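Residue-level structural notes
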Amino acid sequence: MSSATRQIDPEATRREILDAAQTLFIEKGFAGTSINAVAKEAGVTKSLIFHHFGTKENLWSQMAERLYQKYHDQQMELFKDEPSVEETLVASIRWHFNFLREHPAALRLEMWEQLDNLPCKEKPDDVMREGMKRFIWAQENGVLREDVPPMIMMVAFLSLVRHWFFAKRSFGDFIEQYHSDLDDQQLDQLYLDSLIKIYLEGILPRTEPPPASAHPYTPPKKDE
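Model, not experiment: these values are computed from the prediction.

Cut-offs used in this document
Residues numbered from 1 in each chain as written. Predicted model: local features only at pLDDT ≥ 70, side-chain atom pairs only at ≥ 80, totals over all residues. Heavy atoms only, no water. Helix = DSSP H or I, 4+ residues; strand = E, 2+ residues; numbered from the N terminus. Buried < 20%, exposed > 50% of the residue type's maximum accessible area, 1.4 Å probe, protein only. Contact = heavy atoms within 4.5 Å. Areas by Shrake-Rupley, 256 points an atom, 1.4 Å probe, with all protein chains shown as cover. Axes fitted to C-alpha atoms, helices over the stretch in contact; angles between N-to-C directions. Parallel < 35°, antiparallel > 145°, perpendicular 65-115°, else oblique. Left-handed = near helix turned anticlockwise from the far one by under 90°. Nonpolar A, V, L, I, M, F, W, Y, C, P; charged D, E, K, R; others polar.

**Digging into the overall build of the chain**
Across its full length, the chain carries 12 helices and zero strands. By the burial criterion, 40% of the 224 residues in the chain qualify as buried. Within the chain, counting contacts between residues at least 6 apart in sequence, those at least 24 apart form 70% of the total. Accessible surface computed for the chain: about 13,200 Å², of which carbon and sulfur atoms make up 54%.

Structural data, given as structure tokens:
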């Protein structure tokens, strides 16, 4: 893209810079990627990157936010439908799992956040807040067990989903002993289906209440 075109279409310039930054950040991490390298990859000047993003930290943040946008939009649409608690949990687990399977770049970025000791901000925050509202509501209405903090329920769900993509490599030989007949996609599906069963049976009440599907989520009033 020429400099004249960039002046006419600054959004296209931002996309080119973010594309270049994502490529390099995924490959080399935050600490291993310089603004000079991003500028060279994108075919722009350093000053243009600073003009659009201000700092390297902000460039990383906006790159990660863009990567997670599809996940964010789909999850927020699910919340708008206000299904039952159990339906929401199952759909959320499946969507998070499939998103990470289709976007391994997201996992690599989270790995680099740990290695480069960056402040870890859950992406995106409003999805986390909406999810927590539902966990809290479900506990208050007897749909989920009360002896596990709702924050732990959410972190456990996210961690169990994410860890699988690392565990497949770490425990590859062990898994192969028991499921050599399954290809990678079938193995993913086996884990996902099993995870949902284990997770739900571990957090649903141990007494015999009406099924969770009988408790549609009711958003709190705005003044509450």
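From this point, the discussion proceeds with the structure in view.
**Re the packing of helix α2 (residues 10-28) against helix α3 (residues 35-42)**
With their axes 8 Å apart at the nearest point, α2 and α3 run at an angle of 120° to one another. Between α2 and α3, the angle falls in the class oblique. In terms of crossing hand, the pair formed by α2 and α3 is right-handed. Touching Glu-16, Ile-17, Ala-20, Ala-21, Thr-23 and Leu-24 of α2 are Ala-37, Val-38, Glu-41 and Ala-42, all from α3. In the contact of α2 with α3, the residues fall into seven nonpolar, one polar and two charged.

Shape is all these values report; function is a separate question.
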